[in-house]
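# Geometric and topological summary
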Amino acid sequence: MAARRDDRLTGRRILVTGAARSIGAALTKRLHQRGARVALLGLEPELLEQAATACGNAPWRHCDVRDHTAVSTSVNELVAELGGLDVVVANAGVGAQLPMLGGDPAVMRQIVDVNLMGTYYTLRAAGEHIGHSDGYALIVTSGAAAVQLPLLGAYSATAAAAEALGNTLRVEMRHLGTRVGVGYLGEIDTEMISIGFDSAAADKIKWSGMFTAVSPLETAVNAIERGITLRRRRIYAPGWVGGLLALRMPAQRIVDLRPQPRMAAAMAIARTERARFTTALPDPEDRLR
């Protein structure tokens, strides 16, 4: 089976966003090892260059996915260097704690700009290149698209929105032979979890690990690799996330009814606590200079 998967990836031209570290960097390395020709797009130039070097000096571009012009230019340049495109993986994403009442609206805007608009810009730029019978787009999002936890309203809203973009694109590109997948990740051992739940407010309510333990990075990489190889419509990592999606309404009800003895204290802390973004974002004003 592994040999057959390798054969199906050999020579495939694959562009991955959010490729500087974590899942993106590990995925590009895995795809390269399987014979694919990869291109990397992300925020951190030094890490991107290191990841690209590990992928046989693959082409890469430093790019903020919040900037639609930069995304379009970078994608077109990378596609030209690859000589075409078969797969785009919209993996760039960010999270940050945000209470719905009293939270900073700027945090919501930043998360929307990266997770929703950045995904849209990526798909818009890459879509014309994958409009063929071997084309495949994968939107990497989260189980938070199905079940929403406290302090993660902004992240969960954009996860659900990214899922909607994928479902829409699938219908719109079906006549071209292009397939579109959505990848739903649980709690994977990445900065998204280690930083996202590292706050005094989150510590008060301890929602991380509510459904299962944190899974190793390889769990996500393995699932995404298989999904790209088979151009799957849905990818779950770990597998229990599929059950969560299927039972999203009763699962949300469990969250709704969970005892909340420390919720008031957690919300009070969250309104004043300056929690970190899971990826450091450039100042929006810097992009205009």
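A brief structural summary. (Residues numbered from 1 in each chain as written. Predicted model: local features only at pLDDT ≥ 70, side-chain atom pairs only at ≥ 80, totals over all residues. Heavy atoms only, no water.)

### Points about the packing of aromatic side chains
Two measures describe an aromatic ring pair: the distance that separates the ring centres and the angle between the ring planes. The tally for this structure, following the rule as stated, stands at two aromatic pairs. Ring geometry for Tyr120 against Tyr121: centres 5.7 Å apart, planes inclined by 50°, an arrangement best described as tilted. On the basis of relative accessibility, which here comes to 16%, the residue Tyr121 falls in the buried class. Seen in terms of ring centroids, Tyr184 and Tyr236 are 5.8 Å apart; in terms of plane orientation they differ by 25°. Their pairing is stacked. Of the two residues, Tyr184 is situated in strand 6 (residues 179-185) and Tyr236 in strand 7 (residues 234-237); the sequence distance between them amounts to 52 residues. Since its relative accessible area comes to 0%, Tyr184 is described here as buried. By relative accessible area, which is 30% here, Tyr236 ends up partly exposed. (Phe/Tyr/Trp six-rings, centres within 6.5 Å; stacked < 30°, edge-to-face > 60°. Buried < 20%, exposed > 50% of the residue type's maximum accessible area, 1.4 Å probe, protein only. Helix = DSSP H or I, 4+ residues; strand = E, 2+ residues; numbered from the N terminus.)

### Focus: helix 11 (residues 248-257)
Of all the positions in helix 11, only Ala251, Gln252 and Val255 are classed as buried. The arc that holds the buried residues of helix 11, viewed along the axis, is 100°, so those residues lie on one side. Away from the buried face of helix 11 by more than 90 degrees, exposed residues Met249, Ile254 and Leu257 are located. (Arc of directions from axis to C-beta.)

### Concerning the environment of Arg248
Tracing the sequence through the fold places Arg248 in helix 11. For Arg248, a relative accessible area of 27% puts it in the partly exposed group. Between the alpha carbons of Arg248 and Ala146 there is a distance of 5.4 Å; along the sequence they are 102 residues apart. In contact with Arg248, other than residues within four places in its own chain, are Ala145, Ala146, Val147 and Glu163. At 3.5 Å, the side chain of Arg248 and the backbone oxygen of Leu245 are in polar contact. (Contact = heavy atoms within 4.5 Å. Polar contact = N/O pair within 3.5 Å; in protein donor to acceptor, adjacent residues only side chain to side chain.)

### Description of the environment of Ile193
Among the structural elements, Ile193 can be located in helix 7 (residues 191-194). Separated by 98 residues in sequence, Ile193 and Gly95 place their C-alpha atoms 9.1 Å apart.

### Examining the nonpolar core
Ranked by size, the top nonpolar core spans 33 residues in total, and within it Leu15, Val71, Val75, Leu85, Val88 and Ala137 carry the most contacts. Secondary structure elements with two or more residues in this core: strand 2 (37-42), helix 4 (68-82), helix 5 (105-127), strand 5 (136-142) and helix 6 (153-173). Per-element accounting of this core gives the leading share, seven residues, to helix 5. Aside from chain neighbours lying at most four places away, what touches Leu15 is Ala39, Val75, Leu78, Leu85, Val87, Val88 and Val89. One finds Ile23, Leu31, Ala52 and Ala223 within the second-largest nonpolar core, a separate group that totals 30 residues. (Core = buried A, V, L, I, M, F, W, Y, C linked by side-chain atoms within 4.5 Å.)

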